[in-house]
Structures are given as C-alpha cells and as structure tokens.
Amino acid sequence: MITKWLFPHRFRLIGWLVFIPSAILGLANMYDDFSPKWFVADILGSSMTVTSGHSVSHLTNIQNLTDEIAAIGIIVGLLLVAFSKEKVEDEMISRLRLEALQWSVYANYIILMIAIVTVYDMAFFSVMIYNMFTVLLVFIARFRWLIHRNSNLLML
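In this report, the structure presented in the accompanying data block is examined. Residue positions within a chain follow its written sequence, with the count starting from 1. Selection of residues for local features in this predicted model requires a pLDDT of at least 70, selection of side-chain atom pairs for listing and counting requires 80 or more, and totals for whole chains, interfaces and linings are taken over all residues. Just so you know, side-chain values use all the structure's heavy atoms and leave hydrogens and water out.

1. A few points about the environment of valine 135
- Counting through the fold element by element, valine 135 comes out in helix H4 (residues 121–155).
- Relative accessibility under 20% of the residue-type maximum defines a buried residue, over 50% an exposed one, and the middle range a partly exposed one, all with a 1.4 Å probe and only protein chains included. Among the residues examined, valine 135 registers a relative accessible area of 23% and is labelled partly exposed.
- Separated by 29 residues in the primary sequence, valine 135 and tyrosine 106 place their C-alpha atoms 8.8 Å from one another.
- Any two residues whose heavy atoms approach within 4.5 Å are treated as being in contact. In this structure, valine 135 is in contact with Ser104, Val105 and Asn108, ignoring residues within four places of it in sequence. In this description a helix means any DSSP run of H or I spanning at least four residues, a strand means any run of E spanning at least two, and both kinds are numbered starting from the N terminus.

2. A closer look at the packing of helix H1 (residues 11–32) against helix H2 (residues 66–82)
- Here an angle of 0 to 180 degrees is reported between the N-to-C directions of two axes, which are lines fitted to C-alpha atoms, with helices fitted over the stretch in contact. Across the interface, H1 lies against H2 with an axial gap of 7 Å and an inter-helix angle of 150°. The orientation of H1 with respect to H2, classified from their angle, is roughly antiparallel. Note on packing geometry: the crossing formed by H1 with H2 is left-handed. Residues Phe11, Arg12, Ile14, Gly15, Trp16, Val18, Phe19, Ser22, Ala23, Leu25, Gly26 and Asn29 of H1 form the contact with H2, whose own contacting residues are Thr66, Asp67, Ala70, Gly73, Ile74, Gly77, Leu78, Leu80 and Val81.
- Here the nonpolar group is Ala, Val, Leu, Ile, Met, Phe, Trp, Tyr, Cys and Pro; Asp, Glu, Lys and Arg are the charged ones; every other residue, Gly included, is treated as polar. When its residues are assigned to classes, the contact of H1 with H2 shows 12 nonpolar, 7 polar and 2 charged. Here roughly perpendicular refers to angles of 65 to 115 degrees, roughly parallel to angles under 35, roughly antiparallel to angles over 145, and oblique to all remaining angles. By convention the crossing between two helices is left-handed if the near helix lies anticlockwise of the far one by an angle smaller than a right angle, and right-handed if it lies clockwise.

3. Here we look at the nonpolar core
- Among buried residues, those of type Ala, Val, Leu, Ile, Met, Phe, Trp, Tyr and Cys that are joined through side-chain atoms within 4.5 Å constitute a nonpolar core. Of all hydrophobic cores here, the largest spans 17 residues; its most connected members are Ile74, Leu78, Phe139, Ile140 and Phe143.
- Only H1, H2, helix H3 (91–118) and H4 provide two or more residues apiece to this core.
- By residue number, the principal contributor to this core is H4, which donates 7 residues.
- The contact partners of leucine 78, leaving out residues within four places of it in the chain, are Phe19, Phe133, Leu136, Leu137 and Ile140.

4. Notes on the side chain of threonine 134
- If you trace the backbone, threonine 134 turns up in helix H4.
- Discounting residues that sit within four places of it in the chain, threonine 134 has contacts with Asn108 and Ile111.

5. Structural notes on unusual backbone geometry
- One non-glycine residue with positive phi stands out, namely aspartate 33, at about 50°.
- Relative to the helices and strands, aspartate 33 resides in the loop between H1 and strand S1 (40–49).
- One non-glycine residue, aspartate 121, lies in the positive phi region at around 60°.
- The topology assignment puts aspartate 121 in helix H4.
- Judged by its relative accessible area of 72%, aspartate 121 falls in the exposed class.

6. Comments concerning the environment of leucine 27
- Among the structural elements, leucine 27 can be located in helix H1.
- Considered as a pair, leucine 27 and aspartate 67 are 40 residues apart in the sequence and their alpha carbons are 9.0 Å apart.
- Sequence-distant contacts of leucine 27, that is, excluding residues within four places in its chain, are made with Asp32 and Tyr130.

7. Some remarks on a nonpolar patch on the surface
- Like-charged residues within 9 Å of one another, or nonpolar side chains (Val, Leu, Ile, Met, Phe, Trp, Tyr) within 5 Å, are grouped into patches, provided each residue has over 30% relative accessible area and no salt bridge. Accessible surface area values rest on a Shrake-Rupley calculation with a 1.4 Å probe, where residue burial reflects the displayed protein chains alone. Take a side-chain nitrogen of Lys or Arg and a carboxyl oxygen of Asp or Glu: if they are within 4 Å of each other, that pair is a salt bridge. Together, Tyr106, Ile110, Met113 and Ile114 make up a nonpolar patch on the protein surface, roughly 440 Å² of accessible area in all.
- Within the fold, tyrosine 106 resides in helix H3.
- Residue class for tyrosine 106 comes out exposed when judged on its relative accessible area of 52%.

8. As for the environment of valine 88
- Within the secondary structure, valine 88 is located in the loop between H2 and H3.
- C-alpha of valine 88 to C-alpha of histidine 9: the two residues are 79 residues apart in sequence and 9.4 Å apart in space.

9. Some remarks on the side chain of serine 84
- Note that serine 84 resides in the loop between H2 and H3.
- On the accessibility criterion, serine 84 (0% relative accessible area) is buried.
- Polar contact is the term for a pair of N or O atoms within 3.5 Å; when the atoms are in protein, one must be able to donate a hydrogen and the other to accept it, and sequence-neighboring residues count only if both atoms are side-chain atoms. A polar contact is formed between the side chain of serine 84 and the backbone nitrogen of arginine 12, at a distance of 3.2 Å.
- In terms of polar contacts, serine 84 uses its side chain to reach the backbone carbonyl oxygen of leucine 80, at 2.3 Å.
- Every residue in contact with serine 84, bar those within four places of it in the chain, is listed here: Phe7, Pro8, His9, Phe11, Arg12 and Arg97.

Structure below.
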C-alpha cells in the first residue's frame, strides 16, 4: 500500500514528546499567565513621526511569544501523532484512518455550530482557541479507538 503522505512510525513518539510539553505550556500560559523569559522578545515596532520635526523613530515592542510557541508545538505534535504510519499499514488501517478523519471533521463542526449559538464575547474566543485543535484531537482519539476495537474483534 502506498502511503506517501504519512510520516514514519517512529515520528509518533516524537509527536507525543512535542505535544505534551507544548499543551502544558499553553494551558499554563492561558490560565496562569506563565511566560518564560526566553519566550519574550523585542520586536521592531511601527514607525512614528516625531511632532517637533520630520524625523522618524522606531519603537521597540516587547512581545510575549509563549502562546504562539505553545500553539505551534501543539499543532506539530498532533500532526506527527495523527499522521504517523502504523507498524502494519494496510487497506483496513487506511479505511479506519479515513473514517476517523471524516468523523472528526463532522464532530469539529458540530461543536463549532453549538458554540456559535451558545457562547459569546471572550468565552467564544477561548472556544475558538480550543477549536483549532479539536479536529486533530478527535481524530487521534477516534482512530486509536477504532484500532483498539478492531484488534479486539480480530482476536475473537
């Protein structure tokens, strides 16, 4: 079976090793304003004309990059976990993978529609942050469950 769009099987462990600390970092930053000093950067700000003359000065902007680093780590980790090959990658696994992906997209948009109707203001922003990761999280959970269920059925 040709699986040119899947990562090698060993990347799944790397994905977990990236995802778990990134998720902890993201949650700590979101709920406790945790930000390590090495994730704070001076970024060149916008230009500004000084009112007493025509000179232009550049302002520096201190930017906390903790949430961006955490989000990128979560996405990379989940992609590696979700799209790494199984030890034995056959047509049945491909069918289960496709079914789990379709199911996760449906679940993601059902959750999003419910949130649009029931959640407002800044709480909706929080829902949207979590919703960025819902497709991959639901896919991984569903795919692992299908693999587990089918391995138990084959043993009977």
